[in-house]
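Examining the three-dimensional arrangement
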Amino acid sequence: MSEKLLEVRNLRTVFHTEEGEMPAVDGVSFRLDSGEVLAIVGESGCGKSVTSLSILKLIPSPGEIVAGEILYKGEDLLKKNTKEMNQIRGEEISMIFQEPMTSLNPVFPIGHQIMESLIYHGEKDKAKAKARAIEMLRLVGFSTPEKAISYFPSQLSGGMRQRVMIAMALTCEPQILIADEPTTALDVTIQAQILRLLKELKEKTGAAIIMITHDLGIVAQIAHNVMVMYAGEAVEYAPVRELYKNPLHPYTKGLLQSIPKINEDHDTLYNIPGMVPGPKDYPKGCRFCPRCEYAGERCEREKPPYVKRADGHRVRCWLYEGGEANDA
Amino acid sequence: MLKYAIKRILQMIPLLIALSVIVFFLIRWIPGDPVSAMLGPGVPASNIEFERERLGLNDPIIVQYVRWVRDIFQGDLGKSIVSKKPVVYEISRRLPVTLTLAVGGTVISSVLGVILGVIAAMRQNRFLDNLIMSVSLLTVSMPSFFFALMLMLIFSVQLGWLPSIGLNSPAHAVMPLLALGSSGLGFMARTTRSAMLDVIRQDYIRTSRSRGIPEKIVIYSHALKNSMIPIITAIGLRFGGLLAGSAVTETVFSIPGMGKFLVDSVTKRDYPCLQAAILVLATIFIVVNTIVDLIYAAVDPRIRYE
């Protein structure tokens, strides 16, 4: 651990709409070391998926990355063309998606889809690719992978399809795996299996993982560090234990409070009042200000800087001015 | 797959029986008497009656139907009331012509239509897309006989490059094929474009891209294969349409095909020819539809496992 693999600096991804430019991701920065598991958490619409798609430059039109740098092993991915990106996608950085039911191509056998990843990343020998596909399917838990390679996605359950997605993503041994809510669409028992599988494979392959989720339970199980996003911005960053023990940002506190605890008996669960604002309604000052119970007059007027505290804990909130302002 | 194929082929049998019943009885519903039409006006009633008796037209209609079906199985479609030649002979002379035109027209419109449709989808709302869609709208809206006449005017009358009537050489086939292919071309391009636009937004296309698969493969293999169902449907329909609707084009170019034969048989009340021609064309249509269904299953595994 600790060798810098990926660094995102001031990423800004906007969607061009009839109502103007909507910044879905607005100046997000973070770094990922080799072997690290970084969780990006936040509510729907906070920009976490757009952040992950931006890394692979898969933002669909009318979206566009308008500013920032995405340094992978020191090289800026935003300066690479499609052909160069295709060598990185799947081979260096790969991705699994939220919806296993629709993320596999329904008209090709799953073995074909796994082999394809290998073949387009330089494997000339079809027999070897096939052997590797079988090996990957066994690794993700198929009991008869030799048979399974000729299955079509429609013959598999959601959990099995997500296993195929994982096999596909890891087959070229990428350095970074981006998992965009990999368990959200699955039921809880399958969720646990998939998480365990990801953890095991991470140990085996040494890949770093960016885990996008809104489930803080998952974060506690798998992540080393956590970045909390709100309304297109990073609002807090800390090692996972530190974040749970000592959350600083009022939004993070609210999120942690809204997790039901098994040994406490509440009639109603805590919730953060209000809704996440859409990009066109972002407040002028702190974006969380309208929902924040600690909000003061300054919060409405001025945007708080993203400060780094002595222990490496970062936060974007006027309550913690002690740290040194730092945007990287 | 084999089981599915056998099932689909067996399903053709009841369809063909129903077809034969409809064809036979529908034609006898048409007002007008074939014998009077054949003998012309002013012929004594006794002669007409004699001729009706000789042709078996006075037997109960069920008996006529059974006799007709029995003869079909012996390869006998009867004799033309007009030309007195076997119907099988009349059809065998004309069917290849119509099939050639229909297949040719379908191939031209499908190949070009699919390519143009994919290009339009990839350049959505840009110049090339607008151009292709405008041209395709034009070809869809323009009646093929009008297009045929325009072609003749330009290439036969003005330039003198191509022969205008008959079908004796490949050069003769150029204009009829263009005329038949053009309307299908626009239809195919539009169908392909909308199917591709639908597929290209699917999650699995994003997955393909996230794996670094070259864009050409993503479009022409991953996306196009998923768009094939509506495209194949459109091709099947086009072929059927060209088969049945070739009458106009055949008339314009004076091509002795099934369409022209059908129209002539109607005007002369030539029952044996008429019912045989409809039966043959409709059977081809049913066979084509079955083939289309089998291609569906080959393309999309979800269909064969249902």
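As the structure is a prediction and not an experimental result, all values here were calculated from the model.

Quick look at the nonpolar core
- Counting residues in each nonpolar core, the largest one holds 97 residues, and the members touching the most others are Leu 6, Phe 30, Leu 137 and Ile 210 of chain A.
- In terms of residue count, the dominant contributor to this core is helix H6 (residues 158-170) of chain A (seven residues).
- Counting only domains with at least three residues in this core, you end up with domain 1 (4-92 + 174-325) and domain 2 (103-173) of chain A.
- Here Ile 210 of chain A is in contact with Leu 6, Phe 30, Leu 32, Leu 38, Ile 40, Ile 55, Ile 176, Leu 177, Ile 178 and Ala 179 of chain A, once residues within four sequence places are set aside.
- Counting 50 residues, the second largest nonpolar core, distinct from the first, contains Met 258, Phe 261, Ala 277 and Val 292 of chain B.

Description of the environment of Leu 177 of chain A
Residues and elements named next belong to chain A.
- Mapped onto the elements, Leu 177 comes out in strand E7 (residues 176-180).
- The spatial distance from the C-alpha of Leu 177 to the C-alpha of Val 37 is 9.4 Å, given a sequence separation of 140 residues.
- Apart from the residues lying within four places of it in its own chain, the contact partners of Leu 177 are Ser 94, Met 95, Ile 96, Ala 169, Leu 170, Leu 198, Ala 208, Ile 209 and Ile 210.

Focus on the pattern of salt bridges
- Counting across every chain of the model gives 32 salt bridges over all chains.
- A salt bridge links Asp 293 of chain B to Arg 8 of chain B, with the shortest nitrogen-to-oxygen separation between them at 2.3 Å. Of this pair, Asp 293 of chain B sits in helix H14 (residues 271-299) while Arg 8 of chain B sits in helix H1 (residues 2-10), and the two are 285 residues apart along the sequence.
- Residue Arg 94 of chain B pairs with Glu 90 of chain B through a salt bridge whose shortest N-O separation is 2.7 Å. Of this pair, Arg 94 of chain B and Glu 90 of chain B both sit in helix H6 (residues 87-122), four residues apart, which is roughly one turn of that helix.
- Several salt bridges converge on common partners, so that one network encompasses Arg 12, Glu 21, Asp 26, Glu 233, Arg 287, Lys 303 and Arg 316 of chain A.

Considering the packing of aromatic side chains
- A complete count under the given rule lists nine aromatic pairs over all chains for this structure.
- Centroid distance Phe 24 of chain B to Tyr 65 of chain B: 5.3 Å. Interplanar angle 70 degrees. Geometry classified as edge-to-face. Highlighted residues: Phe 24 of chain B in helix H2 (residues 12-29) and Tyr 65 of chain B in helix H5 (residues 61-73), separated in sequence by 41 residues. Grouping residues by exposure puts Phe 24 of chain B and Tyr 65 of chain B together as buried.
- We note Arg 298 of chain A situated over the ring of Trp 318 of chain A; from NZ or CZ to the ring centre the distance is 3.6 Å.
- Its end group placed over the ring of Phe 24 of chain B, Arg 28 of chain B keeps NZ or CZ at 3.8 Å from the ring centre.

Rules used throughout
- Residues numbered from 1 in each chain as written.
- Chains lettered and ligands numbered in written order.
- Predicted model: local features only at pLDDT ≥ 70, side-chain atom pairs only at ≥ 80, totals over all residues.
- Heavy atoms only, no water.
- Core = buried A, V, L, I, M, F, W, Y, C linked by side-chain atoms within 4.5 Å.
- Buried < 20%, exposed > 50% of the residue type's maximum accessible area, 1.4 Å probe, protein only.
- Helix = DSSP H or I, 4+ residues; strand = E, 2+ residues; numbered from the N terminus.
- Domains from an automatic or database assignment.
- Contact = heavy atoms within 4.5 Å.
- Salt bridge = Lys/Arg side-chain N within 4 Å of Asp/Glu carboxyl O.
- Phe/Tyr/Trp six-rings, centres within 6.5 Å; stacked < 30°, edge-to-face > 60°.
- Lys NZ or Arg CZ within 6 Å of the ring centre and 35° of its normal.

In short, the description is geometric, and any link to function would need to be established separately.
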